[in-house]
Amino acid sequence: MQAEICCQGVRKVYGKGAAAFEAVAAATFSIDKGEFVCLLGPSGCGKSTLLMMIAGLEGVTDGRIVAGGTAMVEPRAEIGIVFQDPTLLPWKTTLQNVLFPIEMMHKDRSAYLGRAMELLRLVGLDDAINKRPNQLSGGMRQRVSLCRALIADPSILLMDEPFSALDAITRDDMNIVLLELWERYRKTVLFVTHSIREAVMLSDRVLVMGRSPSKIIAEIEVPFARPRDFAIGETSEFNELCGMLRDQITRARQGEAEARH
Amino acid sequence: MIMVEDRAPIVIPIRASGLSTFLTTMWSNQWALVLPVMTAFLFLLAWQAISVYGNISPTILPPPTMVLDQLTDNFPLIMKHTIPTTYETLLAFGVSIPLGIALAALMVYSTLTYQALYPNIVFFQLIPKIALAPLFIVWLGIGSPSRVTFSIFICFFPILVATAAGLQSVDMNMLRLCRSLRMSDWQILVRVRFPTSPPFIFSGMKVAVTLAIIGIVVGEFIASQRGLGYLILFASSRQQTDLALACIAVLCLVGLVLYGCVVLGEKVVMRLYGVR
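Keep in mind that this is a model prediction, so the values were computed, not measured. (Residues numbered from 1 in each chain as written. Chains lettered and ligands numbered in written order. Predicted model: local features only at pLDDT ≥ 70, side-chain atom pairs only at ≥ 80, totals over all residues. Heavy atoms only, no water.)

Overview of the overall build of chain A
Thinking step 1. Broken down by element type, chain A carries seven helices and ten strands.
Thinking step 2. Against the compact-globule benchmark of 18 Å for 261 residues, chain A has a radius of gyration of 19 Å, which places it among compact chains.
Thinking step 3. Projecting the C-alpha coordinates of chain A onto the three principal axes gives extents of approximately 60 × 45 × 40 Å.
Thinking step 4. Going through the 261 residues of chain A one by one, you find that 56% of them count as buried. (Helix = DSSP H or I, 4+ residues; strand = E, 2+ residues; numbered from the N terminus. Rg over C-alpha atoms; globule rule 2.2 N^0.38 Å. Buried < 20%, exposed > 50% of the residue type's maximum accessible area, 1.4 Å probe, protein only.)

And the structure:
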């Protein structure tokens, strides 16, 4: 299979001289077309920075990012992004918010109306199309944000801890919603999270990122069959894999502590 | 089809039971309404008692009833002077709104303009602006233009600062989304920053509207043959304290009405934008 996203020795340093801070030390990995990959790591390990670089929203200090066959130098409209907060425009309705990227890309709104309705139906918001964000719950808002990211039919979907601000029950629901959408559209997804269970539940492959130095410390295949549902979380294989990932992170932390002393 | 249980949406009934909700709130808050009115009434009563039974000359402190008499007896005179003051205040306020908003937009538009303007704006705020009032007479004469310009000079500032804050209040991730959609600075300003700002702009306008009146009245104090500021000065010089106080009461009323209009405008815009 062909690699859709490819990072080679990606490094990011903020500031200069003594105040310089290395947010990402060296990230090298690639993601195949249609693959669902989770980037797992403790908070502050630079995983969001890495995602922003892949989105073209942050420049790289060193290294190279190739997405869809061309080097990433600036933001691209064909990459969908979902942030931790829904970032909806409060004066626009659900439907208007979903169609906002189309409007901004100067594309024909009516051509995408059907797709918007389909997406909203898939996430169960077809009866909330004329509501404003302040009339929606947190989970519903994030679903609108998900539809907005998919409206222009991007080949790549980047997600920056999209469900971490939601309560646990809503979060589980959102995982299922996302899996259903992914089964249907098969986008290349890079999903940043600090939840081990979420990473195992969703992805084909988990990239574990360590802190100081912030780099990919482990790469683990998730072998579970798709489509997946909640039941998979109860199996011993699932919990074993979660345990293994936890060990990896703990070991990385110990290494970190030793390096500091 | 995905069936997902979610928290019930928080639907705020705005139109359907708006009036009944309002009435219920009023009823349960009746004390909140009655108490301040009672306090004000008692204050006026005490004032009346002190000035009548305290042997205080009406030149020093006329009783409220005397002020009220002046208001009714000299109503045509007071109105004659109220109209230019109100008109000039509205003009100054009206000009300062687009001026403040445009300057704020220019300031926020790019890093370059921000760096060029912001320190100067801060410095400008430190000028005791009232002290410059006589200079406006020198520059623009004793007519209406000098008063209106001076008033604009005083009152555009809060609008500028509040609007700039509003334009900059856009969430970091929202800006990232805009950039990922390859929106231009201008598009971001018009499509995202401006529609985010009304709550801020209105809070600036509430401060500005009172300053607009102050600007006009100060201008009338310095050089004018009309307006409530002039009438207050005229009445004071003839020791007609009751007439001066009557004029001040009318000024308060004008201020209250203008402030009320801003609040009303805010409510309408907020509902249109669905922010509150």
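Following the structure, the description resumes.
So, the overall build of chain B
Thinking step 1. Counting secondary structure elements, chain B contains twelve helices and zero strands.
Thinking step 2. Secondary structure elements of chain B occur, N-terminal to C-terminal, as α-α-α-α-α-α-α-α-α-α-α-α.
Thinking step 3. Within chain B, counting contacts between residues at least 6 apart in sequence, those at least 24 apart form 72% of the total.
Thinking step 4. Of the roughly 15600 Å² of accessible surface on chain B, a fraction of 73% belongs to carbon and sulfur atoms. (Contact = heavy atoms within 4.5 Å. Areas by Shrake-Rupley, 256 points an atom, 1.4 Å probe, with all protein chains shown as cover.)

Observations concerning the interface of chain B and chain A
Thinking step 1. Every contact between the two is made by 29 residues of chain B and, on the other side, 40 residues of chain A.
Thinking step 2. Between chain B and chain A, the buried area comes to about 3200 Å², and carbon and sulfur atoms account for 56% of it.
Thinking step 3. Applying the counting rule to chain B against chain A returns two salt bridges.
Thinking step 4. Two residues, B:R182 and A:E74, come together in a salt bridge whose shortest N-O distance is 3.3 Å.
Thinking step 5. Where chain B packs against chain A, one counts seven residue pairs in polar contact (both at pLDDT 80 or more).
Thinking step 6. Broken down by element, the residue count for the side of chain B that touches chain A peaks at six residues, all from helix α8 (residues 172-180) of chain B.
Thinking step 7. In terms of residue class, the side of chain B that touches chain A is built from 15 nonpolar, five polar and nine charged. (Buried area = accessible area lost by both parts, 1.4 Å probe. Salt bridge = Lys/Arg side-chain N within 4 Å of Asp/Glu carboxyl O. Polar contact = N/O pair within 3.5 Å; in protein donor to acceptor, adjacent residues only side chain to side chain. Nonpolar A, V, L, I, M, F, W, Y, C, P; charged D, E, K, R; others polar.)

Some thoughts on the pairing of strand β1 (residues 3-14) of chain A
All names here are of chain A.
Thinking step 1. Across eight bridges, β1 lies against strand β2 (residues 21-32) in antiparallel orientation. Bridge pairing in β2 places C6 opposite S30.
Thinking step 2. Two successive antiparallel strands, β1 and β2, enclose a turn made up of six residues, where G15 displays a positive phi of approximately 75°.
Thinking step 3. Pairing of β1 with strand β4 (residues 62-67), which is carried by five bridges, proceeds in the antiparallel orientation. Opposite C6, over in β4, you have V66 as the bridge partner. (Pairing = 2+ DSSP bridges.)

What about the nonpolar core?
Burial of nonpolar side chains together is a common tendency in soluble globular proteins.
Thinking step 1. A:F29 and A:L50 are the most contacted members of the largest nonpolar core, which totals 102 residues.
Thinking step 2. In terms of residue count, helix α5 (residues 168-185) of chain A provides more of this core than any other element does, eight residues in total.
Thinking step 3. Beyond its immediate stretch of four places on either side in the chain, A:L50 contacts A:V10, A:V24, A:A27, A:F29, A:L39 and A:M209.
Thinking step 4. Of all hydrophobic cores here, the second largest spans 29 residues; its members include B:I78, B:F202, B:A208 and B:M270. (Core = buried A, V, L, I, M, F, W, Y, C linked by side-chain atoms within 4.5 Å.)

What about the pattern of salt bridges?
Side chains that differ in charge, positive against negative, can pair when their charged atoms come close.
Residues and elements named next belong to chain A.
Thinking step 1. Applying the stated criterion across every chain, the model contains 19 salt bridges over all chains.
Thinking step 2. Here R11 ties to E22 by a salt bridge, and the two come within 2.9 Å at their closest N and O atoms. Placement of R11 in strand β1 and of E22 in strand β2 is noted, with a sequence separation of eleven residues between them.
Thinking step 3. For R11, a relative accessible area of 28% puts it in the partly exposed group.
Thinking step 4. One connected set of salt bridges, linked through shared partners, spans R11, E22 and D62.

Looking at the pairing of β4(A)
All names here are of chain A.
Thinking step 1. Bridge count between β4 and strand β5 (residues 70-71): two bridges; the pairing is antiparallel. Paired with A67 across the two strands is T70, which belongs to β5.
Thinking step 2. Hairpin remark: β4 followed by β5, antiparallel, with two residues in the connecting loop; positive phi at G68, about 60°.

Thoughts on the environment of B:P84
Residues and elements named next belong to chain B.
Thinking step 1. By secondary structure assignment, the location of P84 is in helix α4 (residues 75-109).
Thinking step 2. We classify P84 as buried; its relative accessible area is 9%.
Thinking step 3. Along the backbone, P84 and K129 are 45 residues apart, and their C-alpha atoms lie at a distance of 23 Å.
Thinking step 4. In this structure P84 touches R226 and G227, once residues within four positions along its chain are discounted.

What about helix α2 (residues 30-53) of chain B?
Thinking step 1. In this model α2(B) runs 34 Å from its N-terminal to its C-terminal C-alpha over 24 residues, within 8% of the 34 Å that 1.5 Å per residue would give.
Thinking step 2. The first or second residue beyond α2(B) is B:N55, which carries a positive phi of 55°. (Expected span 1.5 Å × (residues − 1).)

Re the sheet that holds β2(A)
Residue and element names in this part refer to chain A.
Thinking step 1. In space, the four strands of this open sheet follow the order β2-β1-β4-β5, with antiparallel pairing throughout. Both edges of this open sheet fall to β2 and β5, since each of them pairs with a single strand only.
Thinking step 2. Set on the sheet, helix α1 (residues 47-54) makes contact with β1, β2 and β4; between it and β1 the angle comes to about 120°. (Axes fitted to C-alpha atoms, helices over the stretch in contact; angles between N-to-C directions.)

Comments concerning the environment of A:V189
Residue and element names in this part refer to chain A.
Thinking step 1. Tracing the backbone shows V189 in strand β8 (residues 188-193).
Thinking step 2. Judged by its relative accessible area of 1%, V189 falls in the buried class.
Thinking step 3. A sequence separation of 31 residues divides V189 from L158, and the C-alpha atoms of the two residues are 5.9 Å apart.
Thinking step 4. Ignoring sequence-local partners within four residues, the contact set of V189 consists of E35, F36, V37, L157, M159 and W182.

Some points on the sheet that holds strand β6 (residues 79-82) of chain A
All names here are of chain A.
Thinking step 1. In spatial order, the strands read β6-β7-β8-β3-β9-β10; together these six strands make up an open sheet with mixed pairing. One side of each edge strand has no neighbouring strand; the edge strands of this open sheet are β6 and β10 (216-221). When strand polarity is set aside, the average angle formed by the axes of neighbouring strands in this sheet is 15°.
Thinking step 2. Note that strand β9 (residues 205-209) and β10 share five bridges and pair antiparallel. Bridged to V208 within β10 is A218.

Quick look at the packing of α4(B) against helix α7 (residues 144-167) of chain B
All names here are of chain B.
Thinking step 1. In contact at an axis separation of 6 Å, α4 and α7 are set at 40° when each is read in the N-to-C sense. Between α4 and α7, the interaxial angle falls into the category oblique. Crossing hand, α4 versus α7: right-handed. (Parallel < 35°, antiparallel > 145°, perpendicular 65-115°, else oblique. Left-handed = near helix turned anticlockwise from the far one by under 90°.)

Brief notes about the side chain of B:H81
Thinking step 1. For B:H81, the position within the fold is in helix α4.
Thinking step 2. A relative accessible area of 5% means that B:H81 is categorised as buried.

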